[in-house]
Amino acid sequence: MKRQDTPFEGGPMDGRVLPVLLGITGHPPKTYRIPVPAPDGGPATVLIYRRVPGGQGGRTGLTRGWKYLYAPDGAATGRPRWPWSGRTRNPAADPDATPGGKPDDADG
């Protein structure tokens, strides 16, 4: 497997350079998660870093490598938002929603 020395900016890893495994496309992963064990033996804290371009090339404007920026919220993943992924309002999940149409005779 090929590795690339990648700098980290912000957060506890600021200024450090780690060798990161490259994927099949030759790029490092979009997010890098670093588990940090708690000193008292409790649950581990996970630091999340997001991949950003390291700089622009001269004439071509191509990316000159990558770097990771600290994401303290860790929320936005940048995944595609498909229409069928459940991001729209689901009327069946609303407890105050009444079913449409004519009620059955058995309902009273």
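Predicted, not measured: the structure shown is a model, and the values here were computed from it.

Re the overall build of the protein
Along its length, the protein carries zero helices and five strands. Helices and strands in the protein line up, N terminus first, as β-β-β-β-β. Across the 108 residues in the protein, those meeting the buried criterion constitute 15%. Element-wise, carbon and sulfur atoms account for 54% of the exposed surface of the protein, whose accessible area totals about 8,800 Å².

Re the packing of aromatic side chains
Under the criterion given, the structure shown has five aromatic pairs. Plain terms: the ring middles of F8 and Y68 are 5.2 Å apart, the flat faces sit at 20° to each other, and that makes the pair stacked. Of this pair, F8 sits in strand β1 (residues 3-9) while Y68 sits in strand β5 (residues 66-70), and the two are 60 residues apart along the sequence. Here F8 falls in the buried class, since its relative accessible area comes to 1%.

Overview of the environment of Y32
On the secondary structure map, Y32 appears in strand β3 (residues 31-36). In the structure, Y32 is positioned 18 residues away from R50 in sequence and 6.5 Å away in space, judged by C-alpha atoms. If we skip the residues at most four places from it in the chain, Y32 touches F8, L18, V20, L47, I48, Y49 and Y68.

Looking at the sheet that holds β3
Strand order in this open sheet of five strands is β2-β1-β5-β4-β3, and the pairing throughout is mixed. Sheet topology places β2 (17-21) and β3 at the edges, where each strand pairs with a single neighbour. The mean inter-strand angle of the sheet, taken between neighbouring strand axes irrespective of direction, is 35°. Examined bridge by bridge, strand β4 (residues 45-53) and β5 share five bridges and lie antiparallel to one another. Looking at the pairing, R51 lines up with Y68 of β5.

So, how was this worked out
Residues numbered from 1 in each chain as written. Predicted model: local features only at pLDDT ≥ 70, side-chain atom pairs only at ≥ 80, totals over all residues. Heavy atoms only, no water. Helix = DSSP H or I, 4+ residues; strand = E, 2+ residues; numbered from the N terminus. Buried < 20%, exposed > 50% of the residue type's maximum accessible area, 1.4 Å probe, protein only. Areas by Shrake-Rupley, 256 points an atom, 1.4 Å probe, with all protein chains shown as cover. Phe/Tyr/Trp six-rings, centres within 6.5 Å; stacked < 30°, edge-to-face > 60°. Contact = heavy atoms within 4.5 Å. Pairing = 2+ DSSP bridges. Axes fitted to C-alpha atoms, helices over the stretch in contact; angles between N-to-C directions.

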